[in-house]
Amino acid sequence: MADKSKKRNNMRNKDYDDDFNPKMKKIKKKVCPLCGDKNFVLDFKNADQLKKFINDKGKILPRRTTGACAKHQRDITLAVKRARHIAILPYAAKD
Ligand SMILES: [Zn+2]
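In this text, all values refer to a predicted model and were calculated from it rather than measured experimentally.

Here we come to the confidence of the model for the protein chain. With 72% of its residues at a pLDDT of at least 70, the protein chain reaches an overall mean of 83. Ranking the elements of the protein chain by mean pLDDT puts helix 1 (residues 2-13) last, at 54, and helix 5 (residues 70-85) first, at 96.

Below, the structure written as structure tokens:
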């Protein structure tokens, strides 16, 4: 019992920072793909670019997966929806 508490204390003190989650593996901080690259221009006519933001079923990926910031996730969502409307991307795909 004493050993367990000691181990926990060691884990807490040893290079403990905000990114470190003792329960799981180290979480890598994601950078927004649109903020990170200034030359990146989101275009609803560019299907290859938008395919990165949808899954194999055609659903828009969540922010926790894309790593996009709130502002750019809204832009991505709008671009994907526009692309669907002009039949560049599917509304639903068979898997
Ligand atoms: Zn962003």
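Right, picking up where we left off after that structure.
The phi dihedral of Ala87 falls on the positive side, at around 60°, and the residue is not glycine. If you trace the backbone, Ala87 turns up in the segment after helix 5.

Listed in full, the 10 residues of the largest apolar core are Phe44, Leu50, Phe53, Ile54, Ala68, Ile76, Ala79, Val80, Ala83 and Leu89. In terms of residue count, helix 5 provides more of this core than any other element does, four residues in total. Setting aside anything within four residues of it in sequence, one finds Ala79 in contact with Leu42, Phe44 and Leu50.

Cut-offs and rules
- Within each chain, residue numbers correspond to sequence positions counted from 1 in written order.
- With the structure being a predicted model, the display of local features is reserved for residues of pLDDT at least 70 and the display and counting of side-chain atom pairs for 80 or more, all residues being used for whole-chain, interface and lining totals.
- Every residue carries a pLDDT, the predictor's confidence in it, which falls somewhere between 0 and 100.
- Helix and strand definitions here come from DSSP, where helices need a minimum of 4 consecutive H or I residues and strands a minimum of 2 consecutive E residues; each element is numbered from the N-terminal end.
- For our purposes the nonpolar core covers buried Ala, Val, Leu, Ile, Met, Phe, Trp, Tyr and Cys residues that link as a set through C-beta atoms within 7 Å.
- Exposure classes come from backbone-placed C-beta atoms, where a residue is buried if 20 or more other C-beta atoms lie within 10 Å of its own, exposed if 12 or fewer do, and partly exposed in between.
- Any residue pair is listed as a contact if its two C-beta atoms, each placed from the backbone, are within 7 Å.

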